[in-house]
Amino acid sequence: MSLRPWLLLPAKLAHDIAPLGLDLAASISRPVEAQVRPFSWTRKGRTLNFRNPLGIAGGVDKDGRQIWSWHHFGVGFVEVGTVTPKPQRPNPGRIIGRDIHNEALWNRMGFPGRGAHFARGSLRDFRRDEAMTLAEEGRGFRLPILTNIGKQRETSLSEASADYVWLIDFFNEQTRFDSTTYSDAFVINISSPNTTGLRDLFSQSRLYEFLAPIAERLEFHGTPGLLKLSPDMDSETLEAAIEVSVRLDLDGFIATNTTAARPQGISFPTEGGLSGGPLRLRARQVLQTLIEELGTRRQGRLIISAGGVLSGEEAATRLSLGADLVETYSGLVFHGPKFFDRALRHLELGS
Ligand SMILES: Cc1cc2nc3c(=O)[nH]c(=O)nc-3n(C[C@H](O)[C@H](O)[C@H](O)COP(=O)(O)O)c2cc1C
(Lines give C-alpha, C1' and ligand atoms only; values in the text may rest on other atoms or scores of the structure.)
Protein backbone atom coordinates (compact mmCIF):
# COMPACT_ATOMS: atom_id res chain seq x y z
CA MET A 1 0.00 0.00 0.00
CA SER A 2 1.47 3.38 -0.99
CA LEU A 3 1.55 6.45 1.27
CA ARG A 4 -1.72 8.33 1.51
CA PRO A 5 -0.87 11.41 3.59
CA TRP A 6 -4.17 13.17 2.76
CA LEU A 7 -5.97 10.57 4.87
CA LEU A 8 -4.17 12.00 7.93
CA LEU A 9 -5.94 15.34 7.42
CA PRO A 10 -9.51 16.13 8.49
CA ALA A 11 -11.91 15.17 5.67
CA LYS A 12 -13.01 18.75 4.88
CA LEU A 13 -9.44 20.07 4.75
CA ALA A 14 -8.34 17.18 2.53
CA HIS A 15 -11.33 17.88 0.28
CA ASP A 16 -10.50 21.60 0.06
CA ILE A 17 -6.84 21.19 -0.80
CA ALA A 18 -7.30 18.17 -3.09
CA PRO A 19 -7.44 20.26 -6.31
CA LEU A 20 -4.10 21.86 -5.48
CA GLY A 21 -2.54 18.49 -4.65
CA LEU A 22 -3.91 16.96 -7.82
CA ASP A 23 -2.48 19.62 -10.12
CA LEU A 24 0.85 19.49 -8.30
CA ALA A 25 1.01 15.69 -8.56
CA ALA A 26 0.15 15.93 -12.27
CA SER A 27 2.91 18.47 -12.86
CA ILE A 28 5.63 16.25 -11.36
CA SER A 29 4.57 12.83 -12.66
CA ARG A 30 4.58 11.13 -16.03
CA PRO A 31 1.27 10.85 -17.89
CA VAL A 32 -0.42 7.48 -17.59
CA GLU A 33 -0.56 5.25 -20.65
CA ALA A 34 -4.32 4.95 -20.78
CA GLN A 35 -5.16 3.04 -23.92
CA VAL A 36 -6.69 -0.04 -22.26
CA ARG A 37 -9.86 -1.80 -23.39
CA PRO A 38 -10.95 1.16 -25.56
CA PHE A 39 -14.66 1.43 -26.11
CA SER A 40 -16.58 3.15 -28.85
CA TRP A 41 -20.23 4.05 -28.24
CA THR A 42 -22.61 5.01 -31.02
CA ARG A 43 -26.26 5.90 -30.71
CA LYS A 44 -28.51 8.02 -32.91
CA GLY A 45 -25.61 8.65 -35.25
CA ARG A 46 -23.32 10.10 -32.56
CA THR A 47 -20.10 8.35 -31.59
CA LEU A 48 -18.00 8.78 -28.47
CA ASN A 49 -14.60 7.15 -28.23
CA PHE A 50 -13.33 6.19 -24.78
CA ARG A 51 -9.60 5.28 -24.50
CA ASN A 52 -10.57 3.14 -21.50
CA PRO A 53 -13.76 2.53 -19.50
CA LEU A 54 -12.79 4.24 -16.19
CA GLY A 55 -13.98 7.73 -15.38
CA ILE A 56 -14.43 10.39 -12.72
CA ALA A 57 -17.88 10.42 -11.11
CA GLY A 58 -20.09 13.47 -10.63
CA GLY A 59 -19.18 15.79 -7.78
CA VAL A 60 -15.40 15.45 -7.95
CA ASP A 61 -14.78 18.25 -10.46
CA LYS A 62 -17.87 20.37 -10.03
CA ASP A 63 -16.65 23.29 -12.12
CA GLY A 64 -14.52 21.41 -14.68
CA ARG A 65 -11.35 23.09 -13.49
CA GLN A 66 -9.10 20.04 -13.55
CA ILE A 67 -9.84 18.16 -16.70
CA TRP A 68 -6.20 18.21 -17.85
CA SER A 69 -5.06 16.62 -14.61
CA TRP A 70 -7.64 13.86 -14.92
CA HIS A 71 -6.49 13.32 -18.46
CA HIS A 72 -2.90 13.13 -17.22
CA PHE A 73 -3.79 10.47 -14.66
CA GLY A 74 -5.34 8.28 -17.33
CA VAL A 75 -9.11 8.60 -16.99
CA GLY A 76 -11.23 7.43 -19.90
CA PHE A 77 -13.83 10.15 -19.40
CA VAL A 78 -14.76 12.96 -17.02
CA GLU A 79 -18.14 13.78 -15.57
CA VAL A 80 -18.16 17.47 -14.68
CA GLY A 81 -20.70 18.88 -12.18
CA THR A 82 -23.26 18.81 -10.78
CA VAL A 83 -23.59 22.19 -12.47
CA THR A 84 -26.50 24.45 -11.48
CA PRO A 85 -27.64 27.48 -13.50
CA LYS A 86 -26.26 30.02 -11.00
CA PRO A 87 -23.41 29.82 -8.48
CA GLN A 88 -24.47 28.17 -5.25
CA ARG A 89 -22.97 27.77 -1.77
CA PRO A 90 -22.81 24.40 0.02
CA ASN A 91 -25.44 23.45 2.59
CA PRO A 92 -24.67 25.02 5.98
CA GLY A 93 -22.92 22.95 8.65
CA ARG A 94 -20.84 19.82 8.27
CA ILE A 95 -20.85 18.62 4.65
CA ILE A 96 -18.32 15.78 4.35
CA GLY A 97 -17.07 12.88 6.41
CA ARG A 98 -14.91 9.79 5.98
CA ASP A 99 -14.69 6.34 7.54
CA ILE A 100 -11.27 5.06 6.55
CA HIS A 101 -11.75 1.55 7.96
CA ASN A 102 -14.85 0.92 5.79
CA GLU A 103 -13.62 3.09 2.91
CA ALA A 104 -16.91 5.00 3.24
CA LEU A 105 -17.74 8.62 2.44
CA TRP A 106 -20.57 10.74 3.68
CA ASN A 107 -21.65 14.07 2.22
CA ARG A 108 -24.46 16.58 2.29
CA MET A 109 -22.99 19.16 -0.04
CA GLY A 110 -26.12 20.24 -1.95
CA PHE A 111 -24.55 21.08 -5.36
CA PRO A 112 -22.07 23.81 -4.39
CA GLY A 113 -20.37 25.31 -7.42
CA ARG A 114 -19.56 28.36 -9.46
CA GLY A 115 -22.52 27.93 -11.79
CA ALA A 116 -23.06 27.25 -15.47
CA HIS A 117 -21.21 30.24 -16.84
CA PHE A 118 -17.99 29.31 -15.09
CA ALA A 119 -18.27 25.59 -15.90
CA ARG A 120 -18.93 26.24 -19.57
CA GLY A 121 -15.85 28.48 -19.62
CA SER A 122 -13.78 25.62 -18.16
CA LEU A 123 -15.00 23.24 -20.82
CA ARG A 124 -14.35 25.77 -23.58
CA ASP A 125 -10.77 26.36 -22.34
CA PHE A 126 -10.13 22.63 -22.12
CA ARG A 127 -11.48 22.00 -25.63
CA ARG A 128 -9.35 24.82 -27.03
CA ASP A 129 -6.14 23.49 -25.45
CA GLU A 130 -7.09 19.94 -26.40
CA ALA A 131 -7.56 20.94 -30.05
CA MET A 132 -4.12 22.59 -30.07
CA THR A 133 -2.48 19.56 -28.48
CA LEU A 134 -4.19 17.24 -30.92
CA ALA A 135 -3.02 19.33 -33.86
CA GLU A 136 0.57 19.39 -32.52
CA GLU A 137 0.70 15.69 -31.78
CA GLY A 138 -1.31 14.61 -34.80
CA ARG A 139 -3.58 12.44 -32.64
CA GLY A 140 -7.26 11.88 -33.16
CA PHE A 141 -8.07 11.61 -29.48
CA ARG A 142 -10.82 13.62 -27.78
CA LEU A 143 -11.67 13.12 -24.10
CA PRO A 144 -15.39 12.50 -23.61
CA ILE A 145 -16.89 14.97 -21.13
CA LEU A 146 -20.30 14.40 -19.59
CA THR A 147 -21.93 17.38 -17.89
CA ASN A 148 -23.98 16.50 -14.84
CA ILE A 149 -26.77 19.03 -14.36
CA GLY A 150 -29.02 19.86 -11.43
CA LYS A 151 -31.61 22.37 -10.34
CA GLN A 152 -30.91 25.45 -8.26
CA ARG A 153 -31.67 24.85 -4.57
CA GLU A 154 -34.55 27.33 -4.48
CA THR A 155 -36.22 26.20 -7.73
CA SER A 156 -39.48 24.42 -6.91
CA LEU A 157 -40.06 20.88 -8.15
CA SER A 158 -42.82 22.05 -10.48
CA GLU A 159 -40.36 24.48 -12.13
CA ALA A 160 -37.36 22.15 -11.98
CA SER A 161 -37.56 20.97 -15.58
CA ALA A 162 -36.91 24.53 -16.78
CA ASP A 163 -33.52 24.64 -14.98
CA TYR A 164 -32.35 21.47 -16.79
CA VAL A 165 -33.67 22.70 -20.15
CA TRP A 166 -31.90 26.03 -19.65
CA LEU A 167 -28.62 24.27 -18.81
CA ILE A 168 -28.82 22.05 -21.89
CA ASP A 169 -29.45 25.07 -24.11
CA PHE A 170 -26.72 27.06 -22.39
CA PHE A 171 -24.04 24.40 -22.85
CA ASN A 172 -25.06 23.99 -26.49
CA GLU A 173 -25.03 27.70 -27.26
CA GLN A 174 -22.61 28.34 -30.06
CA THR A 175 -21.33 31.57 -31.47
CA ARG A 176 -20.44 32.36 -35.06
CA PHE A 177 -16.78 31.99 -34.08
CA ASP A 178 -17.02 28.76 -32.17
CA SER A 179 -18.92 25.70 -33.30
CA THR A 180 -17.36 23.23 -30.84
CA THR A 181 -19.61 21.00 -28.78
CA TYR A 182 -18.14 21.34 -25.31
CA SER A 183 -20.19 18.69 -23.57
CA ASP A 184 -20.55 15.24 -25.17
CA ALA A 185 -23.54 14.23 -23.07
CA PHE A 186 -25.65 15.38 -20.14
CA VAL A 187 -26.35 13.53 -16.93
CA ILE A 188 -29.73 14.41 -15.46
CA ASN A 189 -29.26 14.37 -11.73
CA ILE A 190 -32.41 14.03 -9.66
CA SER A 191 -30.96 11.31 -7.42
CA SER A 192 -28.97 13.40 -4.95
CA PRO A 193 -30.32 13.13 -1.39
CA ASN A 194 -28.87 16.56 -0.54
CA THR A 195 -31.30 18.87 -2.32
CA THR A 196 -34.62 18.87 -0.51
CA GLY A 197 -37.33 16.96 -2.37
CA LEU A 198 -35.19 16.36 -5.48
CA ARG A 199 -35.69 12.61 -5.53
CA ASP A 200 -39.47 13.10 -5.49
CA LEU A 201 -39.12 13.86 -9.19
CA PHE A 202 -38.78 10.08 -9.65
CA SER A 203 -42.37 9.64 -8.47
CA GLN A 204 -44.57 8.11 -11.13
CA SER A 205 -46.92 11.09 -11.18
CA ARG A 206 -44.06 13.53 -11.83
CA LEU A 207 -41.31 11.85 -13.84
CA TYR A 208 -42.77 11.95 -17.33
CA GLU A 209 -43.87 15.56 -17.06
CA PHE A 210 -40.44 16.52 -15.68
CA LEU A 211 -38.37 14.61 -18.26
CA ALA A 212 -40.38 15.22 -21.44
CA PRO A 213 -39.23 18.85 -22.05
CA ILE A 214 -35.63 17.82 -21.22
CA ALA A 215 -35.72 14.92 -23.68
CA GLU A 216 -37.09 17.28 -26.32
CA ARG A 217 -34.14 19.70 -25.88
CA LEU A 218 -31.61 16.87 -25.93
CA GLU A 219 -33.13 15.64 -29.17
CA PHE A 220 -33.13 19.17 -30.60
CA HIS A 221 -29.39 19.59 -29.94
CA GLY A 222 -28.54 16.00 -30.79
CA THR A 223 -26.78 15.57 -27.44
CA PRO A 224 -27.13 12.29 -25.54
CA GLY A 225 -28.79 12.35 -22.11
CA LEU A 226 -28.32 9.86 -19.28
CA LEU A 227 -30.46 9.55 -16.16
CA LYS A 228 -28.59 9.10 -12.88
CA LEU A 229 -30.40 6.63 -10.62
CA SER A 230 -30.60 6.40 -6.85
CA PRO A 231 -29.68 3.17 -5.03
CA ASP A 232 -32.71 3.77 -2.79
CA MET A 233 -35.35 3.32 -5.50
CA ASP A 234 -37.68 0.38 -4.92
CA SER A 235 -38.22 -1.97 -7.85
CA GLU A 236 -41.48 -0.31 -8.89
CA THR A 237 -39.93 3.17 -9.04
CA LEU A 238 -36.92 1.82 -10.88
CA GLU A 239 -39.09 0.02 -13.44
CA ALA A 240 -41.16 3.19 -13.95
CA ALA A 241 -37.99 5.28 -14.43
CA ILE A 242 -36.75 2.80 -17.04
CA GLU A 243 -40.11 2.79 -18.83
CA VAL A 244 -40.29 6.60 -19.00
CA SER A 245 -36.65 6.90 -20.10
CA VAL A 246 -37.20 4.37 -22.88
CA ARG A 247 -40.45 6.06 -23.95
CA LEU A 248 -38.61 9.41 -24.17
CA ASP A 249 -35.65 7.70 -25.86
CA LEU A 250 -33.00 8.81 -23.33
CA ASP A 251 -29.57 7.40 -24.11
CA GLY A 252 -28.62 5.65 -20.92
CA PHE A 253 -28.22 5.51 -17.17
CA ILE A 254 -25.73 5.99 -14.39
CA ALA A 255 -26.25 3.62 -11.49
CA THR A 256 -25.87 4.85 -8.80
CA ASN A 257 -25.75 8.02 -6.72
CA THR A 258 -25.16 7.97 -2.93
CA THR A 259 -27.55 6.20 -0.57
CA ALA A 260 -29.65 7.58 2.28
CA ALA A 261 -29.52 4.12 3.90
CA ARG A 262 -27.08 3.38 6.76
CA PRO A 263 -25.92 -0.24 6.84
CA GLN A 264 -24.98 -1.69 10.22
CA GLY A 265 -21.62 -0.57 11.52
CA ILE A 266 -21.74 2.78 9.72
CA SER A 267 -22.20 5.75 12.01
CA PHE A 268 -22.71 8.86 9.91
CA PRO A 269 -25.54 11.35 10.49
CA THR A 270 -28.93 10.30 9.11
CA GLU A 271 -29.05 13.24 6.72
CA GLY A 272 -26.84 13.13 3.62
CA GLY A 273 -25.58 10.46 1.22
CA LEU A 274 -23.29 7.52 1.87
CA SER A 275 -20.91 6.09 -0.73
CA GLY A 276 -17.79 3.96 -1.07
CA GLY A 277 -17.40 0.45 0.36
CA PRO A 278 -20.85 0.12 2.01
CA LEU A 279 -22.54 0.99 -1.29
CA ARG A 280 -20.75 -1.69 -3.32
CA LEU A 281 -23.26 -4.52 -3.11
CA ARG A 282 -26.31 -2.32 -3.59
CA ALA A 283 -24.70 -0.60 -6.60
CA ARG A 284 -23.99 -4.02 -8.14
CA GLN A 285 -27.58 -5.07 -7.48
CA VAL A 286 -29.10 -1.96 -9.08
CA LEU A 287 -26.82 -2.45 -12.10
CA GLN A 288 -27.99 -6.04 -12.51
CA THR A 289 -31.66 -5.16 -12.08
CA LEU A 290 -31.35 -2.28 -14.53
CA ILE A 291 -29.80 -4.52 -17.19
CA GLU A 292 -32.36 -7.28 -16.62
CA GLU A 293 -35.32 -4.89 -16.68
CA LEU A 294 -34.06 -3.13 -19.78
CA GLY A 295 -33.60 -6.45 -21.59
CA THR A 296 -34.20 -5.96 -25.30
CA ARG A 297 -35.08 -2.32 -24.61
CA ARG A 298 -31.40 -1.56 -23.96
CA GLN A 299 -30.87 -0.86 -27.68
CA GLY A 300 -27.39 0.60 -27.40
CA ARG A 301 -28.14 2.62 -24.28
CA LEU A 302 -25.00 3.52 -22.34
CA ILE A 303 -24.79 2.11 -18.84
CA ILE A 304 -22.27 3.54 -16.37
CA SER A 305 -21.78 1.87 -13.00
CA ALA A 306 -20.79 3.85 -9.88
CA GLY A 307 -20.78 3.08 -6.18
CA GLY A 308 -18.03 1.40 -4.20
CA VAL A 309 -15.60 0.89 -7.07
CA LEU A 310 -12.41 0.94 -5.02
CA SER A 311 -10.22 -1.42 -7.03
CA GLY A 312 -9.45 -2.66 -10.52
CA GLU A 313 -11.09 -5.97 -9.56
CA GLU A 314 -14.36 -4.22 -8.75
CA ALA A 315 -14.20 -2.23 -11.99
CA ALA A 316 -13.74 -5.51 -13.88
CA THR A 317 -16.71 -7.01 -12.01
CA ARG A 318 -18.99 -4.13 -13.08
CA LEU A 319 -17.90 -4.52 -16.70
CA SER A 320 -18.50 -8.26 -16.54
CA LEU A 321 -22.00 -7.59 -15.15
CA GLY A 322 -22.75 -5.60 -18.30
CA ALA A 323 -21.78 -1.98 -17.58
CA ASP A 324 -20.18 -0.18 -20.53
CA LEU A 325 -18.22 2.17 -18.30
CA VAL A 326 -17.35 2.52 -14.63
CA GLU A 327 -16.76 5.64 -12.56
CA THR A 328 -15.58 6.43 -9.06
CA TYR A 329 -15.45 9.12 -6.42
CA SER A 330 -14.46 7.05 -3.38
CA GLY A 331 -11.66 5.28 -5.29
CA LEU A 332 -9.96 8.64 -5.67
CA VAL A 333 -10.44 9.68 -2.06
CA PHE A 334 -9.04 6.48 -0.60
CA HIS A 335 -6.41 5.63 -3.22
CA GLY A 336 -5.49 8.96 -4.82
CA PRO A 337 -5.21 9.72 -8.54
CA LYS A 338 -2.87 6.71 -9.03
CA PHE A 339 -6.04 4.67 -8.64
CA PHE A 340 -6.59 4.88 -12.38
CA ASP A 341 -3.14 3.63 -13.34
CA ARG A 342 -3.45 0.62 -11.01
CA ALA A 343 -7.00 -0.20 -12.04
CA LEU A 344 -6.09 0.07 -15.71
CA ARG A 345 -3.19 -2.34 -15.24
CA HIS A 346 -5.59 -4.77 -13.67
CA LEU A 347 -8.02 -4.42 -16.58
CA GLU A 348 -5.16 -4.86 -19.05
CA LEU A 349 -4.04 -8.09 -17.41
CA GLY A 350 -7.62 -9.35 -17.30
CA SER A 351 -8.45 -8.54 -20.90
C1 LIG B 1 -18.40 14.39 -1.61
C2 LIG B 1 -19.29 13.87 -2.71
C3 LIG B 1 -19.91 14.77 -3.57
C4 LIG B 1 -20.74 14.29 -4.59
N5 LIG B 1 -21.33 15.19 -5.43
C6 LIG B 1 -22.10 14.73 -6.44
C7 LIG B 1 -22.67 15.63 -7.37
O8 LIG B 1 -22.49 16.85 -7.30
N9 LIG B 1 -23.44 15.12 -8.36
C10 LIG B 1 -23.66 13.77 -8.51
O11 LIG B 1 -24.36 13.35 -9.43
N12 LIG B 1 -23.09 12.90 -7.65
C13 LIG B 1 -22.34 13.34 -6.64
N14 LIG B 1 -21.77 12.45 -5.78
C15 LIG B 1 -22.03 10.99 -5.96
C16 LIG B 1 -20.97 10.31 -6.81
O17 LIG B 1 -20.95 10.80 -8.12
C18 LIG B 1 -21.21 8.80 -6.87
O19 LIG B 1 -22.42 8.55 -7.56
C20 LIG B 1 -21.30 8.15 -5.49
O21 LIG B 1 -20.41 8.74 -4.60
C22 LIG B 1 -21.00 6.66 -5.57
O23 LIG B 1 -19.70 6.44 -6.01
P24 LIG B 1 -18.48 6.14 -5.00
O25 LIG B 1 -18.93 5.00 -4.13
O26 LIG B 1 -17.31 5.81 -5.88
O27 LIG B 1 -18.22 7.36 -4.19
C28 LIG B 1 -20.94 12.90 -4.76
C29 LIG B 1 -20.30 12.01 -3.89
C30 LIG B 1 -19.47 12.48 -2.88
C31 LIG B 1 -18.80 11.48 -1.98
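Keep in mind the model is a prediction, meaning the values are calculated, not measured.

### Section: the environment of Glu 79
Within the element layout of this structure, Glu 79 appears in strand 4 (residues 77–83). On the basis of relative accessibility, which here comes to 0%, the residue Glu 79 falls in the buried class. Taking the C-alpha atoms as reference, Glu 79 lies 4.6 Å from Leu 146; in sequence the two are 67 residues apart. In this structure Glu 79 touches Ile 56, Ala 57, Gly 58, Asp 61, Leu 146, Asn 148, Val 187, Ile 254 and Glu 327, once residues within four positions along its chain are discounted. At 2.7 Å, the side chain of Glu 79 forms a polar contact with the side chain of Asn 148.

### Some words on the site of the ligand
Neighbouring residues of the ligand: 23 residues in total, closest Gly 58, Thr 82, Asn 148, Gly 276 and Gly 308. In this structure, an oxygen atom belonging to the ligand sits 3.3 Å away from a side-chain N or O atom of Thr 328. A distance of 2.9 Å separates an oxygen atom of the ligand from a polar side-chain atom of Ser 330. Compared with its free state, where it exposes 600 Å², the ligand has 98% of that area covered by protein. Of all the elements in the fold, those that place two or more residues in the shell around the ligand are strand 3 (54–61), strand 6 (104–107) and strand 11 (273–276). Considering only residue class, the shell around the ligand consists of 6 nonpolar, 15 polar and 2 charged.

### Remarks on helix 7 (residues 280–294)
Relative to the 21 Å expected for 15 residues at 1.5 Å per residue, helix 7 spans 21 Å between its end C-alpha atoms, a close match to the ideal helical length. Along helix 7, the residues that are buried comprise Ala 283, Val 286, Leu 287, Leu 290, Ile 291 and Leu 294. Take helix 7 and look down its axis: the buried residues cluster within an arc of 130 degrees, on one side only. Across from the buried face of helix 7, at angles greater than 90 degrees, the exposed residues are Leu 281 and Glu 292. Buried-residue contacts for helix 7 involve strand 9 (225–229), helix 6 (235–247), strand 10 (252–255), strand 12 (302–306) and helix 8 (312–320). One or two steps after helix 7, the chain reaches Gly 295, where phi turns positive at roughly 50 degrees.

### Here we look at the packing of aromatic side chains
Within the structure shown, the criterion is met by 9 aromatic pairs. Between Trp 166 and Phe 170, the ring centres sit 4.8 Å apart and the planes meet at 10 degrees, which makes this aromatic pair stacked. With Trp 166 and Phe 170 both in helix 4 (residues 160–172), this residue pair falls 4 residues apart, about one helical turn. Look at Phe 170 and you get buried, because its relative accessible area is 8%. Connected via pairs of aromatic rings, a cluster forms that spans Trp 166, Phe 170, Phe 171 and Phe 186.

Criteria and cut-off values
- Residues numbered from 1 in each chain as written.
- Predicted model: local features only at pLDDT ≥ 70, side-chain atom pairs only at ≥ 80, totals over all residues.
- Heavy atoms only, no water.
- Helix = DSSP H or I, 4+ residues; strand = E, 2+ residues; numbered from the N terminus.
- Buried < 20%, exposed > 50% of the residue type's maximum accessible area, 1.4 Å probe, protein only.
- Contact = heavy atoms within 4.5 Å.
- Polar contact = N/O pair within 3.5 Å; in protein donor to acceptor, adjacent residues only side chain to side chain.
- Near = heavy atom within 4 Å.
- Areas by Shrake-Rupley, 256 points an atom, 1.4 Å probe, with all protein chains shown as cover.
- Nonpolar A, V, L, I, M, F, W, Y, C, P; charged D, E, K, R; others polar.
- Expected span 1.5 Å × (residues − 1).
- Arc of directions from axis to C-beta.
- Phe/Tyr/Trp six-rings, centres within 6.5 Å; stacked < 30°, edge-to-face > 60°.

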